Amino acid sequence: AEHAIVGEVRSCGLLAAVELVKDRNTLEPLSEDMDELDQIGEVFRDFCLKHGIIIRPVFSTILITPPLIITKDEIDFLIDKFRMALDDFADYLKE
């Protein structure tokens, strides 16, 4: 979870919530505007879909809810693809 735009990761079992922020050190939110946060979450979702994973954005919190029958290899795939989406999204935010 040590990514420049990840402020916090919460989990319980296989369920996880990843909070996206402008700056990991200050925990500055991506936006104060809820409508804009909703749109930002949808943009991140699109980056995830591009990499072959499905997530649920709730404003700037990204919910990861894999099936309970997921294998270790599939978890590794999910994490790798999620990191790729984070990198793409961080580049998008810099534009």
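Preceding this section is the structure that the text describes.
First, a word on scope: everything that follows refers to the structure included in this document. Keep in mind that this is a model prediction, so the values were computed, not measured. (Residues numbered from 1 in each chain as written. Predicted model: local features only at pLDDT ≥ 70, side-chain atom pairs only at ≥ 80, totals over all residues. Heavy atoms only, no water.)

With respect to the helices, strands and loops of the structure, S60 is situated in the loop between β4 (56-58) and β5 (61-64). Among the residues examined, S60 registers a relative accessible area of 9% and is labelled buried. Reaching out from S60, the side chain makes a polar contact with the side chain of E19 at a distance of 2.9 Å. (Helix = DSSP H or I, 4+ residues; strand = E, 2+ residues; numbered from the N terminus. Buried < 20%, exposed > 50% of the residue type's maximum accessible area, 1.4 Å probe, protein only. Polar contact = N/O pair within 3.5 Å; in protein donor to acceptor, adjacent residues only side chain to side chain.)

Let us look at the layout of surface pockets. Of the pockets and cavities examined, the largest pocket occupies roughly 390 Å³. Put simply, the parts of the chain that give the lining of the largest pocket at least two residues each are β1 (6-12), β2 (15-23) and α2 (72-94). Of all the elements, α2 adds the most residues to the lining of the largest pocket, at 6 residues. Within the lining of the largest pocket, the residues separate by chemical class into 14 nonpolar, 2 polar and 2 charged. (1 Å grid on protein atoms, 1.4 Å probe; cavity = no way out; pocket = protein on both sides within 12 Å on 5 of 7 lines; lining within 4 Å. Points joined across faces, edges and corners; volume = space filled by probe spheres on them. Nonpolar A, V, L, I, M, F, W, Y, C, P; charged D, E, K, R; others polar.)

In this structure, L27 is a non-glycine residue whose phi angle is positive, near 60°. With respect to the helices and strands, the residue L27 is situated in the loop between β2 and β3 (28-29). One non-glycine residue, F59, adopts positive backbone phi at about 60°. Considering the arrangement of structural elements, one finds F59 in the loop between β4 and β5.

With that settled, the discussion passes to the packing of aromatic side chains. Aromatic ring pairs: the centre-centre distance and the angle between the two ring planes describe each pair. Per the stated rule, a full pass over the model turns up 5 aromatic pairs. On the basis of an interplanar angle of 70° and a centroid distance of 6.3 Å, the ring pair of F47 and F89 is categorised as edge-to-face. Of the two residues, F47 sits in helix α1 (residues 34-50) while F89 sits in helix α2, which places them 42 residues apart along the sequence. Measuring from centroid to centroid gives 5.9 Å for F47 and Y92, while their planes differ by 65°, and the two rings are edge-to-face. Of this pair, F47 sits in helix α1 while Y92 sits in helix α2; the two residues are 45 residues apart in sequence, bridging distant segments of the chain. Taking relative accessible area as the criterion, F47 reaches 17% and is therefore assigned buried. (Phe/Tyr/Trp six-rings, centres within 6.5 Å; stacked < 30°, edge-to-face > 60°.)

Read these as geometric descriptors, not functional statements.
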